[in-house]
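# Architecture at a glance
One-letter residues, chain by chain:
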Amino acid sequence: MSEIATNLTLIRQQIDLVCQSCGRDPQSVRLLAVSKKKPATLIRDAYNAGQKLFGESYVQEFSQKAEELELPLEWHFIGGLQSNKVKYLCGKTALIHSVDRYSLAQEISTQWAKIGLTADILLQFNLGGEATKSGADESEALELAKRICALPHLRVRGLMALPPYFDDPEEVRPYFRRLRLLGEQLSAAQLPNLVIEELSMGMSHDFEVAIEEGATLVRVGTAIFGARD
Ligand SMILES: *Cc1c(COP(=O)(O)O)cnc(C)c1O
């Protein structure tokens, strides 16, 4: 068994265990393998170990690897995204996690309209108010969601957050909880084209806490592929 296969097996076991202990259906949590800065050969190893869902953060790197691999993978885009690069993702990604402003949503809608499809997106929030991280401000959530939901070729499927790093995952819990509550608030507004069925939160060192707080997509890189340089 490759090291990646072993890691994947371990993580899937951990996900099952946490789900059991907090009374969730393990099927309600999907593992997104974050393969940024890792070569296509390692993605192939993960695919051979049964992993189909991959997340990338850089447009050019994503395009190169997706083309090289020619595998029936489900790609999610999770990184900061410039509007002028949206066209390279069009029709190739199943979900964009990192939509944090109206102009970006507008461009996604425009590009997907050209291929006659509707893009699935998540709204990303910067819950820690960190200057170095992308994500919309919580205080503008409803206003932003209303404007984005009015775009014709988009569906908002949920929320994403990249909370501040803490050594102790317990300290991240309040952020995960806040994202879930924000999702409930937005759901209550009953906007068209918005269904909060995904919460993308939790990474290698805190995905278990994220699952306890309702994560449906955990974005795990290092724990699968090893440290990035
Ligand atoms: C890199 C990255 C991850 C994965 O982080 P790990 O700590 O390696 O699991 C998850 N989410 C986003 C947005 C990332 O950029």
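Below is a short write-up of the structure. A quick note: this is a predicted structure, and the numbers were derived from the prediction, not measured.

A separate point is helix H2 (residues 40-48). For H2, the complete set of buried residues consists of Ala 40, Ile 43 and Ala 46. The buried residues of H2 occupy an angular sector of 115 degrees when projected down its axis, which confines them to one face. What points out from H2, more than 90 degrees from its buried face, is the exposed set Thr 41 and Asn 48. Where H2 is buried, its residues contact helix H1 (3-22), strand S2 (53-56), helix H3 (59-69), strand S3 (74-77) and helix H8 (222-225). Gly 50, located one to two residues past H2, shows a positive phi value of around 100 degrees.

Tallied over the entire structure, the rule returns three aromatic pairs. Aromatic side chains Phe 54 and Trp 75 sit 6.0 Å apart centroid to centroid with 50 degrees between the ring planes, which places their arrangement in the tilted category. Of this pair, Phe 54 sits in strand S2 while Trp 75 sits in strand S3, placing them 21 residues apart in sequence. According to the relative accessible area criterion, Trp 75 is buried, its value standing at 6%. Note on Phe 62 and Trp 75: the rings are 5.3 Å apart at their centroids and 75 degrees apart in plane angle, and the pair reads as edge-to-face. Separated by 13 residues along the polypeptide, Phe 62 in helix H3 and Trp 75 in strand S3 bring together distant segments of the chain. The pair formed by Phe 62 and Trp 75 is uniform in burial state, with each residue classed as buried. Of the aromatic side chains, those joined through ring pairs into one cluster are Phe 54, Phe 62 and Trp 75. Its guanidinium or amino end placed over the ring of Tyr 102, Arg 147 lies 3.9 Å from that ring's centre, counting from NZ or CZ.

Before going further, it helps to spend a moment on the layout of surface pockets. Its volume calculated, the largest pocket comes out at about 440 Å³. Forming the boundary of the largest pocket are 21 residues, of which Lys 36, Ser 57, Leu 162, Met 203 and Arg 228 lie nearest the centre. A class-by-class count of the residues in the lining of the largest pocket yields seven nonpolar, nine polar and five charged. One number sums up the size of the second largest pocket: a volume of about 240 Å³. Together, Arg 12, Ile 15, Asp 16, Pro 26, Gln 27, Val 29, Arg 30, Leu 31, Gly 50, Gln 51, Lys 52 and Leu 53 line the second largest pocket. Those elements that place two or more of their residues in the lining of the second largest pocket are H1 and strand S1 (30-34). The element contributing the most residues to the lining of the second largest pocket is H1, with three residues. When grouped by side-chain class, the residues that make up the lining of the second largest pocket number five nonpolar, three polar and four charged.

Neighbouring the ligand are 13 residues; Lys 36, Ser 204, Arg 219, Thr 222 and Arg 228 lie closest to it. With respect to the ligand, the side chain of Thr 222 contributes an N or O atom lying 2.5 Å from an oxygen atom. Here Arg 228 contributes a side-chain N or O atom positioned 2.8 Å from an oxygen atom of the ligand. About the coverage of the ligand: the protein hides 89% of its 390 Å² of free accessible area.

The next thing to look at is unusual backbone geometry. If you check the backbone angles, Lys 37 has positive phi at about 65 degrees while not being a glycine. Along the chain, Lys 37 turns up in the loop between S1 and H2. Taking relative accessible area as the criterion, Lys 37 reaches 47% and is therefore assigned partly exposed. Its identity as a non-glycine residue notwithstanding, Asn 193 has a phi of 60 degrees, on the positive side. Note that Asn 193 resides in the loop between helix H6 (173-188) and strand S7 (194-200). By relative accessible area, which is 38% here, Asn 193 ends up partly exposed.

Definitions and cut-offs
Residues numbered from 1 in each chain as written. Predicted model: local features only at pLDDT ≥ 70, side-chain atom pairs only at ≥ 80, totals over all residues. Heavy atoms only, no water. Buried < 20%, exposed > 50% of the residue type's maximum accessible area, 1.4 Å probe, protein only. Helix = DSSP H or I, 4+ residues; strand = E, 2+ residues; numbered from the N terminus. Arc of directions from axis to C-beta. Contact = heavy atoms within 4.5 Å. Phe/Tyr/Trp six-rings, centres within 6.5 Å; stacked < 30°, edge-to-face > 60°. Lys NZ or Arg CZ within 6 Å of the ring centre and 35° of its normal. 1 Å grid on protein atoms, 1.4 Å probe; cavity = no way out; pocket = protein on both sides within 12 Å on 5 of 7 lines; lining within 4 Å. Points joined across faces, edges and corners; volume = space filled by probe spheres on them. Nonpolar A, V, L, I, M, F, W, Y, C, P; charged D, E, K, R; others polar. Near = heavy atom within 4 Å. Polar contact = N/O pair within 3.5 Å; in protein donor to acceptor, adjacent residues only side chain to side chain. Areas by Shrake-Rupley, 256 points an atom, 1.4 Å probe, with all protein chains shown as cover.

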